[in-house]
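Chain by chain, the residues:
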Amino acid sequence: MIEVRQLRKRFGDQQVLDGVDLTIEKGESLVIIGRSGGGKSVLLKHLVGLTHPDSGQVLVDGRDISHLNERELLAVRRKFGMLFQSAALFDSLTVEENIAFVLTRERNHPPEEIARRVAEALEMVEMPGIQKRKPAELSGGMRKRVGLARAIIYRPEVVFYDEPTTGLDPVVSDSIDKLVVRVCERLKVTSIVITHDMRSMQTVGRRVAMLHQGRIYTSGTPSDLMASTDPVVSRFVRGISDAKEHTF
Amino acid sequence: MTKLPAKVIQSVLAGLGRFSLMVAEVVRSLTTQRLSGHDLMNQLYFIGVKSQTVVLVTGAFTGMVLCAQTYFQFHKVKMDTATLAVVSVSMCGELGPVLTALMVAGRVGAAMAAELGTMRVTEQIDALRTLATHPIDYLVVPRVVATMIAVPLLTAESIAVGILAAYLVGVHLLQIDPGYSLVNMQRFTDHRDVLMGFIKSFIFGGIIATTGCYKGMHCGQGAEGVGHATTEAVVYASIAILMSNFFLTLLLTRLLALT
Ligand SMILES: Nc1ncnc2c1ncn2[C@@H]1O[C@H](COP(=O)(O)OP(=O)(O)O)[C@@H](O)[C@H]1O
Ligand SMILES: [Mg+2]
């Protein structure tokens, strides 16, 4: 479905991605872990064509999207839904207008259909009846749910989640993790989840890839990684900092 | 030491390049995409209707001071009744369009840069792009079109109010003869002055909106970035308006003389 080949990206003198290779199969749920500031969000932005790489390729269904212009990319992105780290709701619009955004812009859906699908999407994320509220009135967890509703209402094939649980308390985090799993199973979408939360990784992931120093350092099942004896991996999953290394 | 100017020139050229690409994309969007009437109306309301107070006050006081100052000079040479003619010609061709554009740049250009800049730093622009919407189509085009419609209308209002205020000051305060003044005013103001003001304000509208949107769309990180973008949008738009005004006056006077 998505294949990344030797992806490189540098910002100033900082080589953020240094030859990432990654293959994502249709229908799988992949978790990408890695340190804060390690380039996970940057990698995700390449996968959906929000950023252009310095070199390397991103193939979506066999087609290289790294050279497409913005208008060509818009059509490709119709297959994708993305939940941003900050939810990125449009704060001038109501919850309903946010969720209905794509359908409204497409101009071929009658208002009753839009209203019904918005209600369904809100039902799916367990937030029924908040159509008329403004994003500023919502808590962090609620915003993420609305952001997810906005990303799944147009039935994408792949949903990307950028740190869905960061900044939420453990109980809310757990409910978001379960929501991610349920969305994946019910809508039969491919899920790609970025996180540095080990509990999320174990709940959500069937396969885990670890991004380290700009490359995919290792990948495997969550239990493989938890049991790993590799020093880099085991330090990360157990959350032990290395005195010899810079930590950010 | 030779590195520094080279870097500055490079970044200026890169900025101009990105600006031109944005303008080209706006033109492409206008010719290929449908503009949403709802978005356009919202912007027209904010830019046009809500800017009226500022623009009317500016126009009125400019007309008044222009009238008083002109009268004080003309009175010395007994040309009192030419006062309103001077006011009307300068309001139509120069002061109306320029002052209106400067006021709108301060109000609307700044707001555009701040709003789009905030959307950029909070990832809302990236979110738009993942929702299969081109930011130019959704954010920039309605603002540019609305400003290019609103600024000429606001300018017309400002000119009308300025002349009216000048008339009241001239006739009631300075005791100029109303009949002769109006005849002179109509004799010396012709359609070229009005047309010049109209064309200028249309171009100024374009400058304000494209500068404001460009600065917002390309703003730096965080609150600081948004602050910078807002200031620069106003400063650059104002300078561009004042500079282009000079060249437009030269160019349009030649062109309109042919009509
Ligand atoms: N647009 C950008 N310009 C400059 N540097 C950036 C940009 N985006 C990300 N970076 C840098 O790239 C690094 C990786 O960032 P990011 O992908 O957000 O990390 P994370 O793994 O926490 O999501 C950071 O050091 C960040 O400063
Ligand atoms: Mg991140």
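Located above this text is the structure these notes cover.
In what follows, the accompanying structure is described. Remember, it's a predicted structure, so these values are computed and weren't measured experimentally.

Side note on the overall build of chain B
Scanning chain B from N- to C-terminus turns up 9 helices and 0 strands. Starting at the N terminus and walking to the C terminus, you meet the elements of chain B as α-α-α-α-α-α-α-α-α. When each of the 259 residues of chain B is scored for burial, the buried share is 49%. Pairs at least 24 residues apart make up 87% of the contacts formed inside chain B by residues separated by at least 6 positions. Looking at chain B as shown, the accessible area adds up to about 13,000 Å², and 71% of this sits on carbon and sulfur atoms.

Considering the coordination of the magnesium ion (ligand 2)
Residue and element names in this part refer to chain A. In the first shell of the magnesium ion (ligand 2), the protein supplies Ser-41 (OG) and Gln-85 (OE1), at 2.0 to 2.7 Å from the metal. One end of the pair, Ser-41, is in helix α1 (residues 40–47); the other, Gln-85, is in the loop between β6 (80–83) and α3 (95–99), with 44 residues separating them in the sequence. Judged by relative accessible area, which is 24%, Ser-41 ranks as partly exposed. Judged by its relative accessible area of 32%, Gln-85 falls in the partly exposed class.

A short note on the environment of Val54(B)
Residues and elements named next belong to chain B. Mapped onto the secondary structure, Val-54 falls in helix α3 (residues 52–76). When its relative accessible area of 30% is taken as the criterion, Val-54 is described as partly exposed. It is 26 Å that separates the C-alpha atoms of Val-54 and Leu-174, two residues lying 120 residues apart in sequence. Leave out the neighbours within four places in its chain, and Val-54 touches Met-103 and Arg-107.

Regarding the site of ligand 1
Residue and element names in this part refer to chain A. Phe-11, Gln-14, Val-16, Arg-35, Ser-36, Gly-37, Gly-38, Gly-39, Lys-40, Ser-41 and Val-42 make up every residue found near ligand 1. Separating an oxygen atom of ligand 1 from a backbone N or O atom of Gly-39 is a distance of 3.1 Å. Within the backbone of Lys-40, an N or O atom sits 2.8 Å from an oxygen atom of ligand 1. In the complex, the protein chains occlude 61% of the 570 Å² of accessible area that ligand 1 would expose alone. Broken down by secondary-structure element, the contributors of at least two residues to the shell around ligand 1 are β2 (14–24) and α1. For the shell around ligand 1, the leading source of residues is α1, giving 3 residues. Tallied by class, residues from the shell around ligand 1 come to 3 nonpolar, 6 polar and 2 charged.

Looking at the interface of chain B and chain A
At the interface, 21 residues of chain B touch 24 residues of chain A. For the pairing of chain B and chain A, the buried interface totals around 2,100 Å² over both sides, and the portion due to carbon and sulfur atoms is 53%. Three residues, Arg129(B), Thr130(B) and Leu131(B), lead the burial of chain B against chain A; their summed loss comes to 32% of the area buried on that side. The shortest N-O distance in the salt bridge between Glu123(B) and Lys45(A) comes to 3.4 Å. Here chain B and chain A share 10 residue pairs in polar contact (both at pLDDT 80 or more) between them.

Topic: a nonpolar patch on the surface
Together, Leu4(B), Val8(B), Ile9(B), Val12(B), Leu13(B) and Leu16(B) give the surface a local cluster of nonpolar side chains, amounting to about 580 Å² of exposed area. Along the chain, the position of Val12(B) falls in helix α1 (residues 3–32).

Digging into the sheet that holds strand β4 (residues 55–60) of chain A
Residue and element names in this part refer to chain A. Taken in spatial order, the 4 strands make up an open sheet running β2-β1-β4-β5, and their pairing is antiparallel. The open sheet has two edge strands with one neighbour each: β2 and β5 (63–64). Relative to β2, strand β1 (residues 2–11) is paired through 8 bridges, and the arrangement is antiparallel. Across the sheet, residue Leu-7 finds its bridge partner in β2, namely Val-20. Packed onto the sheet, α1 meets β1, β2 and β4 and runs at close to 125° relative to β1.

Details of the sheet that holds strand β10 (residues 215–220) of chain A
All names here are of chain A. Taken together, the 6 strands give an open sheet; going across it, the order is β6-β7-β8-β3-β9-β10, and neighbouring strands pair in mixed fashion. Of all strands in the sheet, those bounded by a partner on one side alone are β6 and β10. Between one strand axis and the next, the sheet turns by 20° as a mean value, whatever way the strands run. Of the pairings in the sheet, the one linking strand β3 (residues 29–34) to strand β9 (residues 207–212) comprises 5 bridges and is parallel in character. Paired with Gly-34 across the bridge in β9 is Leu-211.

Topic: the nonpolar core
Ranked by internal contacts, the top residues of the largest apolar core, which has 123 residues, are Ile2(A), Ile33(A), Ile99(A), Leu148(A), Phe160(A) and Val140(B). In terms of residue count, helix α6 (residues 135–173) of chain B provides more of this core than any other element does, 11 residues in total.

What counts, and at which threshold
Think of each chain on its own: its residues are numbered from 1, step by step along the sequence as written. Chains and ligands are labelled by the order in which they are written, letters from A for the one and numbers from 1 for the other. Totals for whole chains, interfaces and linings use every residue, but because this is a predicted model, local features are given only for residues with pLDDT of at least 70 and side-chain atom pairs only at 80 or more, for both listing and counting. For side-chain calculations, the full set of non-hydrogen atoms in the structure is used, while hydrogens and water are omitted. The helix and strand labels rest on DSSP assignments: H or I over at least four residues marks a helix, E over at least two residues marks a strand, and numbering proceeds from the N terminus. Only protein chains enter the calculation, and the probe is 1.4 Å; a residue is then buried if its accessible area is under 20% of its type maximum, exposed if over 50%, and partly exposed in between. Throughout, a residue-residue contact means that at least one pair of heavy atoms, one from each residue, lies within 4.5 Å. What sets the accessible areas is the Shrake-Rupley method with a 1.4 Å probe; for residues, cover comes only from the shown protein chains. A donor here means an N, O or S atom no more than 2.8 Å from the metal, or no more than 3.2 Å when the metal is Na, K or Ca. Since water is not included, a site may seem to lack partners. We call a residue near a molecule or strand when any one of its heavy atoms sits within 4 Å of it. The definition of a polar contact used here is a pair of N or O atoms within 3.5 Å, where within protein one atom must be able to donate a hydrogen and the other to accept one, and adjacent residues in sequence count solely through side-chain atom pairs. Polar here means any residue outside two lists: the nonpolar Ala, Val, Leu, Ile, Met, Phe, Trp, Tyr, Cys and Pro, and the charged Asp, Glu, Lys and Arg; Gly therefore counts as polar. Buried area is a sum: the accessible area each of two parts loses on coming together, probed at 1.4 Å, counted once for each and added. Salt bridges are identified by distance alone: a Lys or Arg side-chain nitrogen within 4 Å of an Asp or Glu carboxyl oxygen. Patch criteria: residues need more than 30% relative accessible area and no salt bridge. Like-charged residues are merged within 9 Å; nonpolar side chains of Val, Leu, Ile, Met, Phe, Trp and Tyr are merged within 5 Å. In short, DSSP must find at least two bridges between two strands for them to pair. To get an axis, fit a line to the C-alpha atoms, keeping to the stretch in contact for a helix; angles then go from 0 to 180 degrees between the N-to-C directions. The criterion is simple. A nonpolar core is a set of buried Ala, Val, Leu, Ile, Met, Phe, Trp, Tyr and Cys residues joined through side-chain atoms within 4.5 Å.

Everything listed here is a matter of geometry and, on its own, says nothing about what the molecule does.
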